[in-house]
Amino acid sequence: MATTQFSSKFQNINVSASYDGITPFTPSDSVDVPVGPGGTNTPNVGFAITGAGGNVAVQLPGGGTATLTGLVTGQIVDCAVKRILATGTTAAGVIPLYNERG
């Protein structure tokens, strides 16, 4: 699998996006991000950094991995992910976000 490095200073982050679902999640190298809070079967549309900033390593839905670097507390990243990886993730409180209204 290819690995891509991204720097947060070059990201276009849409802070006006509306999210109506979140679910607690612990980064894992083997467990996918849940599909929809409350069993709604809605894929995630991004994630937020609610604890200390840092790097977030992810597996993308289409395959491959990426590491987003230099993320800060309170930052929202509009990027659907299959998995938030434990290996390579240094940020804390990485919470998947959902838009259940489509």
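Predicted, not measured: the structure shown is a model, and the values here were computed from it.

Student: For this particular structure, what's the right way to read the overall build of the chain?
Tutor: The helix and strand inventory of the chain stands at zero helices and eight strands. When the elements of the chain are put in sequence order from the N terminus, they spell out β-β-β-β-β-β-β-β. Here the chain, with 102 residues, has 37% of them falling under the buried criterion. Taking all contacts inside the chain whose residues are at least 6 apart in sequence as the whole, residues at least 24 apart take part in 72%. Here the chain has roughly 5,400 Å² of accessible surface; of this, 56% comes from carbon and sulfur atoms.

Student: Can you help me understand the nonpolar core in this one?
Tutor: For soluble globular proteins, the rule of thumb is that nonpolar side chains tend to be buried together. Ranked by internal contacts, the top residues of the largest apolar core, which has 15 residues, are F47, I49, V56, V58, L71, I84 and V94. For this core, the elements supplying multiple residues, two or more each, are β3 (44-49), β4 (54-59), β5 (65-71) and β8 (94-98). It is β5 that provides the largest number of residues to this core, a total of three residues.

Student: Please clarify how the pairing of β4 should be interpreted in this entry.
Tutor: Taken residue by residue, a regular strand's side chains alternate between the two faces of the sheet. By the criterion of burial, β4 is predominantly enclosed, with five of the six residues buried. With five bridges joining them, β4 and β5 adopt antiparallel strand pairing. Paired with G54 across the two strands is L71, which belongs to β5. Of the pairings in the sheet, the one linking β4 to strand β7 (residues 83-85) comprises three bridges and is antiparallel in character.

Student: Looking at this model, I keep getting lost on the sheet that holds strand β6 (residues 76-77). Mind explaining?
Tutor: Strand pairing in a sheet relies on backbone hydrogen bonds. The paired strands run either parallel or antiparallel. Taken in spatial order, the four strands make up an open sheet running β2-β8-β3-β6, and their pairing is antiparallel. Two strands in the sheet have a free side with no partner beyond their single neighbour: β2 (21-22) and β6. The pairing of β3 with β6 spans two bridges and is antiparallel. What sits directly across from A48, in β6, is I76.

Cut-offs used in this document
- Residues numbered from 1 in each chain as written.
- Predicted model: local features only at pLDDT ≥ 70, side-chain atom pairs only at ≥ 80, totals over all residues.
- Heavy atoms only, no water.
- Helix = DSSP H or I, 4+ residues; strand = E, 2+ residues; numbered from the N terminus.
- Buried < 20%, exposed > 50% of the residue type's maximum accessible area, 1.4 Å probe, protein only.
- Contact = heavy atoms within 4.5 Å.
- Areas by Shrake-Rupley, 256 points an atom, 1.4 Å probe, with all protein chains shown as cover.
- Core = buried A, V, L, I, M, F, W, Y, C linked by side-chain atoms within 4.5 Å.
- Pairing = 2+ DSSP bridges.

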